[in-house]
Amino acid sequence: MSDSSLPLEKWLPQVCEIAYNAGQLISEYYHQDEEVDIESKADGSPVTEADKAADDLICYALQKLTPNIPLVTEESVERVPFEERQAWSTYWLVDPLDGTKEFIANTGEYSVNIALIHNHHPVLGVVYGTELGNMYFAIQQPERLNNGMQQASRVAKLENLMPSNLKLKLDWPAVLEQAISIQVKPLPDEGSACKVAVSRRHGGALQRFMGQLGHCTTVKMGSALKTCLVAEGKVDVYPRFGPTSLWDTAAAQCILEAAGGAVLNAAGHPLEYIQTESLLNPFFIAVNDKNYNWPAFPEVM
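Values in this document were obtained by computation on a predicted structure and should not be read as measured data.

So what exactly am I meant to see when it comes to the overall build of the chain here?
The helix and strand tally for the chain stands at 9 helices and 14 strands. Projected onto its principal axes, the C-alpha positions of the chain cover 50 × 50 × 45 Å. Pairs at least 24 residues apart make up 65% of the contacts formed inside the chain by residues separated by at least 6 positions.

This is the structure we're talking about:
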């Protein structure tokens with residue numbers, strides 16, 4: 001599929017609506033009186049009936065929207081052999097419920113992540129933090145990427161548009177009118193605290209990284225929403241020194257890059273989305289300034 005045949009502007013509102021519908025479905029499980037069913041995957045990570053229901057909804061909707069574009073989701077990847085997907089140049093990459101542990105812990109800090117990958121880069125990204133009411137979205141036209149140009153990244157505060165107790169169809173013109181452009185902010189002056197987004201579960205590697213940064217303050221957040229905080233200019237860096245998969249990062253990376261930031265590996269290069277059997281990322285940092293001399297960190301443990 002060529003760059004010119006990707007109608008990203010046309011698809012974006014429809015993908016936002018898909019993310020919204022999935023988020024509303026997850027929210028019904030989140031707020032129900034009875035506990036959701038929880039299972040353990042082979043790697044020990046939890047999966048709930050909400051994950052599975054959202055996955056079914058998103059898969060159906062994306063296949064209806066773009067029947068010729070394949071997709072990989074966290075909950076369906078085992079049904080797609082590596083030999084089949086390794087040659088894909090364009091595909092949807094989805095985490096139907098990013099932050100399952102936050103969902104289970106009732107922090108509300110989970111998100112729906114949908115990205116379109118083209119030639120190993122995310123060119124469309126939607127991250128919907130349902131309980132926070134924030135929908136982040138961005139596209140990066142391939143021809144603009146090739147010319148070193150960036151496009152605006154935006155966030156809509158959906159709670160300002162619809163009653164919290166009433167499920168409504170997403171009104172895209174209203175969302176677009178209300179959405180604001182976001183961009184990263186410069187690093188603070190020397191002596192000022194660097195703001196670091198952290199998960200509620202982190203280890204010693206993060207503490208060492210922050211020690212090298214110097215004076216820091218932390219902002220706790222779950223899921224891909226941490227990278228979106230960098231895009232909004234609310235924090236300066238989000239270091240991730242633990243296991244993540246491609247579907248955890250792709251949508252938020254598109255949003256951060258469109259806002260002027262970057263998601264970098266240990267060598268200082270942007271994360272790429274090359275199909276592997278494991279689909280695991282290396283360690284990375286999501287940053288507001290890719291040219292800053294950030295402390296070194298390992299590629300993996």
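How should I be thinking about the sheet that holds strand 4 (residues 90-98) in this particular structure?
Adjacent strands of a sheet pair through backbone hydrogen bonds, lying either parallel or antiparallel. Strand order in this open sheet of 7 strands is 3-4-5-6-7-8-9, and the pairing throughout is mixed. Strands at the two margins of the open sheet, each flanked by one partner only, are strand 3 (71-73) and strand 9 (180-182). The mean angle between the axes of side-by-side strands here comes to 20°, regardless of whether they run parallel or antiparallel. Strands in contact with helix 9 (residues 246-258) are strand 3, strand 4, strand 5 (111-118), strand 6 (121-129), strand 7 (134-139), strand 8 (153-157) and strand 9; relative to strand 6, the strand with the most contacts, it is inclined by about 100°.

In this structure, what is going on with the side chain of Thr48? I would like to understand it.
Here Thr48 is to be found in strand 2 (residues 46-48). With relative accessibility at 1%, the residue Thr48 sits in the buried group. Side chain to side chain, Thr48 and Asp51 meet in a polar contact 2.6 Å long. Excluding its chain neighbours within four sequence positions, the residues that come into contact with Thr48 are Val36, Asp37, Ile38, Leu97, Thr100, Phe103 and Ile104.

Hey, could you run me through helix 8 (residues 225-232) in this one?
Residues separated by three or four positions in an α-helix point in the same direction, a consequence of the helix having 3.6 residues per turn. Burial analysis of helix 8 places 8 of its 8 residues in the buried class, which makes it a mostly covered element. For helix 8, every residue scored as buried is listed here: Leu225, Lys226, Thr227, Cys228, Leu229, Val230, Ala231 and Glu232. Positive backbone phi, approximately 80°, marks Gly233, located one or two places after helix 8.

Looking at this model, I keep getting lost on the side chain of Ser223. Mind explaining?
Within the secondary structure, Ser223 sits in the loop between strand 11 (216-220) and helix 8. Overall, the relative accessible area of 11% leaves Ser223 in the buried class. In terms of polar contacts, Ser223 uses its side chain to reach the backbone carbonyl oxygen of Glu109, at 3.2 Å. Contacts of Ser223, omitting those with residues within four sequence positions, involve Asp98, Gly99, Glu109, Tyr110 and Ser111.

Just to check I follow, could you spell out the packing of helix 1 (residues 8-31) against helix 2 (residues 49-65) for this structure?
The relative placement of two packed helices is expressed as an angle between their axes plus a distance between the axes. Between helix 1 and helix 2, the shortest axis-to-axis distance is 9 Å and the interhelical angle comes to 160°. When the axis of helix 1 is compared with that of helix 2, the two are roughly antiparallel. Judged by the sense of rotation from one axis to the other, the crossing of helix 1 with helix 2 is right-handed. Along its contact with helix 1, which presents Trp11, Gln14, Val15, Ile18, Asn21, Ala22, Leu25, Ile26 and Tyr29, the element helix 2 presents Glu49, Ala50, Ala53, Ala54, Leu57, Ile58, Ala61, Leu62 and Leu65. Class assignment for the residues of the contact of helix 1 with helix 2 results in 15 nonpolar, 2 polar and 1 charged.

Parameters at a glance
- Residue numbering note: each chain is counted from 1, following its sequence as written.
- Selection of residues for local features in this predicted model requires a pLDDT of at least 70, selection of side-chain atom pairs for listing and counting requires 80 or more, and totals for whole chains, interfaces and linings are taken over all residues.
- The side-chain figures draw on all heavy atoms in the structure; neither hydrogens nor water molecules are used.
- Runs of H or I in DSSP of at least four residues are treated as helices and runs of E of at least two as strands, each being numbered from the N terminus.
- Throughout, a residue-residue contact means that at least one pair of heavy atoms, one from each residue, lies within 4.5 Å.
- Note: two strands are recorded as paired if DSSP finds a minimum of 2 bridges between them.
- Geometry is summarised by axes, namely lines fitted to C-alpha atoms with helices restricted to the contacting stretch, and by angles between N-to-C directions that run from 0 to 180 degrees.
- The rule is simple: take the accessible area with a 1.4 Å probe, protein chains only, and divide by the maximum for that residue type; under 20% is buried, over 50% is exposed, in between is partly exposed.
- Here a polar contact is taken to be a pair of N or O atoms separated by no more than 3.5 Å, where protein atoms must pair a possible hydrogen donor with a possible acceptor and residues adjacent in sequence count only if both atoms sit in side chains.
- What sets the label is the angle itself: under 35 degrees gives roughly parallel, over 145 gives roughly antiparallel, 65 to 115 gives roughly perpendicular, and the rest give oblique.
- Each crossing is labelled by how the near helix is turned from the far one, with a counterclockwise turn of less than a right angle marking it left-handed and a clockwise turn marking it right-handed.
- Each residue is assigned to one class: nonpolar for Ala, Val, Leu, Ile, Met, Phe, Trp, Tyr, Cys and Pro, charged for Asp, Glu, Lys and Arg, and polar for all the others, Gly among them.

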